[in-house]
Number of protein chains: 2
Amino acid sequence: MPTTGFEFLPTLRELVRTYQAFDAFSSAHIRRLGLTSPQFDVIATLGNTQGMSCRDIGQKTLMVKGTLTGVLDRLEQKGLISRISHPTDGRSTLVRLSPAGEDLFVRVFSAHLTHLEPVFAQLGPGPLETLRQHLELLRHSLEKQSAPPSD
Amino acid sequence: MPTTGFEFLPTLRELVRTYQAFDAFSSAHIRRLGLTSPQFDVIATLGNTQGMSCRDIGQKTLMVKGTLTGVLDRLEQKGLISRISHPTDGRSTLVRLSPAGEDLFVRVFSAHLTHLEPVFAQLGPGPLETLRQHLELLRHSLEKQSAPPSD
DNA sequence: ACTATATTGTACGCATTCGTACTAAATACG
DNA sequence: CGTATTTAGTACGAATGCGTACAATATAGT
């Protein structure tokens, strides 16, 4: 017999609530380290690289370029990154960590993962992997239905 | 033998990516209906009620009160809600849908769920429920580690 | 009754986020 | 060679989102 539809609502709600709980937990720690979440995202992305274009950073962090400009402005103002003109492509800018940014990256990155680790460890290896697989399924289903992004 | 730690990273990344994919998919549809996501959230929360306080709306929508004030301002400006003084508690405000807000709720709410349904249907009932349970586990683990919210 | 405390909502500043428009530079095409 | 299109980044406005401070009201403790 067919059901009423909308049986997915509890799962939808749980996805939203869980993500928001994760985001609150993660952001609170990052903020105590003196950064915002997007700023941490950029620092973590640039860590252990020789610099990247805004386009590459945007693809890694899922920020659109308009958003990225402001985040990079504030990181540059704090002296954590520097913008250099690209050697071969005159349209592009190379963004790298400054020495102070490198220092911060080393201090903060593993500290943050260590902060998160025990939370996920509660699940155990099996459920952790099952959760990842189901999330991946859902994401692929979402991406199949979506229009390609404009960036 | 102990592992290197940080085996949770793929699951963490998948949680973030999947939520962002869901949010993009959902927001795009809501925007086509003339609302923002938080505005839709409030309209959906107030639908089929006789009005709620800002505090109640905040608990349902997971918005802090400072954010809610601005969202309600814009909904009031569009004529979709009205703010009435609370009969018994002078500190509180009763927020209700206006007739136009009721109309919008009826038109938009089920349309949005119908838009989302096929995406989640891809998973099938079993994985859908497993996913919900694992997300719930993770959320409870997060909430155990978090400080209680300031609101 | 009186005072200390807690609760409700608003005001404000800072940072993000997206969409759109714009400039500059590189590439494709005729 | 010259123009059209594409690409990279910035500029700007509207709308969240959070933290803090604040005014008005309610409640608790004495």
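The structure presented is a predicted model; accordingly, all values stated were derived computationally and were not measured.

### Remarks on the protein's contact with DNA strand C
And step 1. With respect to spatial proximity, 20 residues lie near DNA strand C, and among them Thr36(A), Arg74(A), Gly90(A), Arg55(B) and Ser92(B) are the closest.
And step 2. Those atoms of DNA strand C that come within 4 Å of the protein belong to sugar or phosphate at a rate of 77%.
And step 3. One nitrogen or oxygen atom from the side chain of Thr36(A) is found 2.4 Å from a phosphate oxygen belonging to DNA strand C.
And step 4. With respect to DNA strand C, the side chain of Gln39(A) contributes an N or O atom lying 3.2 Å from a phosphate oxygen.
And step 5. Those elements that provide at least two residues to the surface near DNA strand C are α2 (37-46) and α4 (65-77) of chain A together with α3 (54-61) and α4 (65-77) of chain B.
And step 6. In terms of residue count, the dominant contributor to the surface near DNA strand C is α4(A) (three residues).
And step 7. Class assignment of the residues belonging to the surface near DNA strand C gives a composition of five nonpolar, eight polar and seven charged.

### Regarding the packing of aromatic side chains
And step 1. According to the stated counting rule, one finds 13 aromatic pairs over all chains in the structure shown.
And step 2. A ring pair is formed by Phe40(A) and Phe109(A), whose centres lie 6.4 Å apart and whose planes are at 20°; its orientation type is stacked. Residue Phe40(A) is found in helix α2, and its partner Phe109(A) is found in helix α5 (residues 99-121); the two are separated by 69 residues along the sequence.
And step 3. Where Phe22(B) meets Phe120(B), the ring centres are 6.3 Å apart and the plane angle is 75°; that geometry is what we call edge-to-face. With Phe22(B) in helix α1 (residues 9-32) and Phe120(B) in helix α5 (residues 99-121), this residue pair connects regions lying 98 residues apart in the sequence.
And step 4. An aromatic cluster is built from Phe6(A), Phe8(A), Tyr19(A), Phe22(A), Phe120(A), Phe6(B), Phe8(B), Tyr19(B), Phe22(B) and Phe120(B), whose rings are joined through pairwise contacts.

Thresholds, definitions, all that
Residues numbered from 1 in each chain as written. Chains lettered and ligands numbered in written order. Predicted model: local features only at pLDDT ≥ 70, side-chain atom pairs only at ≥ 80, totals over all residues. Heavy atoms only, no water. Near = heavy atom within 4 Å. Polar contact = N/O pair within 3.5 Å; in protein donor to acceptor, adjacent residues only side chain to side chain. Helix = DSSP H or I, 4+ residues; strand = E, 2+ residues; numbered from the N terminus. Nonpolar A, V, L, I, M, F, W, Y, C, P; charged D, E, K, R; others polar. Phe/Tyr/Trp six-rings, centres within 6.5 Å; stacked < 30°, edge-to-face > 60°.

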